[in-house]
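# An overview of the molecular structure
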Amino acid sequence: MTSIFDQLEQASQISQRAEPVSEPMTSSGYITMQMEDNTPMFSKQKMNFNPSDLITHVAVASDYLVLAMANGKLFRLDLKVPDQHEEIHYAKFVQANTKLSNIFLDPLGQHLLLAFAARNKEGYPELIYLHRSRSKPKSVSKSKNYEVTEVGWNYENNSVATTGPILLGTSHGLLLETELEADNDKMFSGSQYWRQIFDIGKGADTPITGIQFNRINNTSKYYIFVTTPTRLYQFIGNAVITDNKPSLQSLFYTYLTTTETGFQEIPSTLKYSKLQFYFDKDNTPKTFAWLTEPGIFYGQLDPSSQQNSNSLFTQGELINYPVEKVDTKDLVTEKVDASEKTPLAFVLTEFHAILMFSDKVKVVSLLNQELVYQDTYSDAHGKLKNVVKDPARRTIWAVTDKAVFRYKVIREERNVWRIYTDKEEFDLAKQYCHNNPAFIDIINVKQAELLFSRGEYEKSVEIFAETQCSFETVCLKFLEVNQTNALKFYLAKRLDALNEDDKTLISMIVIWMTELYLSQLAYLRRKGKEDSDEYCRIQSDFEMFLLQPKVMNCMHHVKSVIYDLMASYGDKHNLIKLTIINEDYENVIEQNIYKKSYLEALKILQGLRRPDLYYQFAPMLMEAAPKHTVDSLISQGPSLAPSKLLPAFLGCENDDKHVEEIIRYLEYIVQNFNGKDKAIHNYLLTLYAERNKPALMRYLSRQGQSLEMVNFDVHYALRVCREKNVPEACVKLSALLGLWEAAVGRALDVDVALAKSVAAMPEDTEMQRTLWLTIAEHVITKNQDLKEAMSLLQECPLIKIEDILPFFSDVVTIDHFREPICQSLQEYNTQIEDLKAEMEEATKSAECVRGEIQSFRNRSVVVSVSDTCCACELALLLRPFYLFPCAHRFHADCLLAEIHHTLSPARRNKLSDLQRRLAVLSGAELSAATASGLPLRELIRNEIDDIVASECIFCGEYMIACIDKPFIADEDWDRVMKEWE
């Protein structure tokens, strides 16, 4: 049951709890959120065990509590088993003239050292060692005459049997290095490892009040902090490591040879000071605190900083002790006596220092030096003796004369973010707000306002954009100071944060940002800075803004407003770009055409490369600016379909200027891209026929004389040329259609030479002869020119003198034709002689053939009994066989099988039909005589022989045709390959 004193003390504890006071925070914009944690940060609990006498000293480590009592006994308790404790009478193991000055417990809770000081001159200092598993302490023999005031434990030691190398500090400023083993009696008989490694006092009576040493990660380098009542010494160096145990003596070699040892000095009249390290979760020391008379000297441990200075720590500061006592109502302050100003002991946490006075415990924030908690103890428990921290379990214990209390620390970092915010260390504040959105928002708002007040508007707006501050408030802030760039950034961030459904807000921001960009660009244009880097940067940002998906979607709803804005600022460049983004090109092009800015419209069209817009606006542009329009059309190359431009061309054939440009474009398409669209060619041919007849003839010549190769409609072209009276083209087209008589007739009306060239075109010699006779008739009947008629005979060998004689009039005498007639007769005589020679040669060839046939009839071949078939290699005489002049021999059925697959389908079918007839017909029918006098059987067999034995299959044409045929057929390849595997 809790006593009345305890109840009173708990009430006092609650009433005296102080909270940090800071300036009110800006509203975060979040609602219905609890901003404060009402759970007490520090609270204590009295432990339910009563020592047998007054407590004088305390030590705790790894949930193992050791109390030294005034009756000379030790109270040992495993906190995991609180109902089982042990008391050991240590006084009988030391001399009577000594008193216990302090007890030290290693971090493992295994090794306990009891330091004794002499009461008078007859006594001497002594050090007692007691292992956790032992009940009998042992005296460290070499410690005599050394009053140990502080122990520096080895935090790397994991052994329960030995302490590992440790450091001892004495009342005379000596640093000793030793190692104690529980099971080694030699250690306690005078032969243990024990050496003096440094003398801080240099002979003066300077007690050592604190020792901490640690290894720098992954190195053999160690650093050591040693304190006296007025000084903080720092040592660093390499230790000699043997069996994974460091020898720290080598670290002091460099300090032994110099008179200057790095230290921090704080004047003090006290005979004591305290040194504490704070270790993080990885058991790495992060901060330290040194309790002195003026205050607590606090800093961040950073051994690497020693490379650039003589200090092993950074951000060192002196934290003053609280001189105010917090009243629960109005925080009224009361002055405290100077004698009670300095704490007797303290414990260091991550963010606070727990200070112990004789009758109270105060907790001071290390960040803002404010008092955050105060706990007053009643006289019923006696005076406070010590406050200690379990280095392994991180629990905090306070001990009075008669009781033991445990302090519970709950989320001591809860207000750290607020303190860092007040100190304007915003990055650190965010680290300690545990991703609480309301806290982060408060931090961001304060940071943004601070930057705004300093004039750092761009940095400020970046942070404002991440807050929940009122949209109107932030915008007005930057409008008042005319910070357009910062306002644009804020609007852009808010735009990114909006959902697609917030169409009204999106539209408002898009219109506003567009006007801001246009205003900036217009201002620079008025200043003549269109080529400046600033103008290019703003223009680039504006273009990127217009390409954002949200902006593009919004433009479909507000594009008319944006167009009006751009027009009001005279920004045609961005208006065109916007129409490109919105694919609203018709609007700008129509405006340019309406303003008669045809070149500007063409420039836009040329940049867009949209064929459909060319088809739409070509009629107006061709009418107004034919040359520039055609230049633009040509620049598009094959991307345009010329046939879709014909309506535009047909509507402006009103003068030679327009027609010339149309022809220029059509020629470009035909000549460069081999266009074969008949409509294009027909239209080009029509324009040629109307405006440029020489060009028409050149065009027809390029098209060639093949009806299949020309790209125009020949009948349409012939009709047009007739209507336009282009006889040369009509001649060419008639010849192309094969209308040779008509072509020659039209050519004779133009030029005899043209008619002659047409007459030479037909491949049919009879047609050529007819055409030449037509020419001859025209020439003779028209001019009666004998010389010209004779030249026709020389030009065309197909006509003779007798062919043209009927065309001459009756008055012409034969004397005029004597020479041609004689020449003609001479040619006939030559032809007769050639025919005779051919007949004689043919007769001789026939006689040779008859002789060869007769010789074959009388030829014989001897077949021996041993001869075999060349196909099956069996005896030849076993079955009917064929014998070829080349000496190859085959059975009839073997040859039939070999020759069957070489025959064409028709001959194969005929062979099958003959074999079927030979097998089906009766003997009488086969013996019947045919018209040739031979029996039907013989006739059928002769036909079969003609098919089967027409040539030797090994020597004939079939074998020559098979020279490139593979030995293994494709369909047999897989089978043969498997057989060879």
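Below, the structure is looked at part by part. Quick caveat: nothing in here was measured; it's all calculated off a predicted structure.

Another point: the overall build of the chain. The secondary structure content of the chain amounts to 34 helices and 32 strands. Taken over 981 residues, the chain has a buried fraction of 43%. Across the chain, contacts joining residues at least 24 apart in sequence account for 51% of those joining residues at least 6 apart. Total accessible area computed for the chain in this model is approximately 52,300 Å², and 51% of it derives from carbon and sulfur atoms.

Pairing is antiparallel across the open sheet formed by four strands, whose spatial order is β10-β11-β12-β13. The open sheet is flanked by β10 (148–152) and β13 (194–199), the only strands paired with a single partner. Here the strands of the sheet are splayed against their neighbours by 25° on average, with no regard to which way each runs. Both strand β12 (residues 174–178) and β13 contribute to a ladder of five bridges, which runs antiparallel. Paired with leucine 174 across the strands is aspartate 199, a residue of β13.

Right, let's get into helix α24 (residues 752–759). Listing the buried residues of α24 in full gives Ala755, Lys756, Val758 and Ala759. Along the long axis of α24, the arc covered by the buried residues comes to 160°, so they all point the same way.

For helix α15 (residues 611–624), which comprises 14 residues, the first-to-last C-alpha distance of 19 Å matches the rise-based estimate of 20 Å (1.5 Å per residue) to within 8%. The sharpest bend along α15 comes to roughly 55°, located at phenylalanine 617, with the proline proline 619 sitting one to four residues further on. Taken together, the buried residues of α15 touch α13 (585–594), α14 (598–608), α16 (626–635), α17 (646–650) and α18 (656–673).

Quick look at the sheet that holds strand β27 (residues 371–376) now. With antiparallel pairing, the four strands of this open sheet are ordered in space as β24-β25-β26-β27. In the strand order of this sheet, the two ends are held by β24 (345–348) and β27, each with one partner. This sheet shows a mean twist of 15° between the axes of neighbouring strands, independent of strand direction. One ladder, built from five bridges, connects strand β25 (residues 352–356) with strand β26 (residues 360–365); its direction is antiparallel. The residue bridging histidine 352 from the neighbouring strand is serine 365, located in β26.

In this section: the environment of lysine 596. Within the element layout of this structure, lysine 596 appears in the loop between α13 and α14. By relative accessible area, which is 63% here, lysine 596 ends up exposed.

Among the surface-exposed residues, Val861, Val865, Leu877, Phe881 and Leu883 lie close enough to one another that they form a single nonpolar patch of about 440 Å² accessible area. Secondary-structure assignment places valine 865 in the loop between α28 (818–857) and β31 (881–883).

Cut-offs used in this document
Residues numbered from 1 in each chain as written. Predicted model: local features only at pLDDT ≥ 70, side-chain atom pairs only at ≥ 80, totals over all residues. Heavy atoms only, no water. Helix = DSSP H or I, 4+ residues; strand = E, 2+ residues; numbered from the N terminus. Buried < 20%, exposed > 50% of the residue type's maximum accessible area, 1.4 Å probe, protein only. Contact = heavy atoms within 4.5 Å. Areas by Shrake-Rupley, 256 points an atom, 1.4 Å probe, with all protein chains shown as cover. Pairing = 2+ DSSP bridges. Axes fitted to C-alpha atoms, helices over the stretch in contact; angles between N-to-C directions. Arc of directions from axis to C-beta. Expected span 1.5 Å × (residues − 1). Bend = angle between axes of the 7 residues up to and from the residue. Patch = residues over 30% accessible without salt bridge, like charges linked within 9 Å, V, L, I, M, F, W, Y side chains within 5 Å. Salt bridge = Lys/Arg side-chain N within 4 Å of Asp/Glu carboxyl O.

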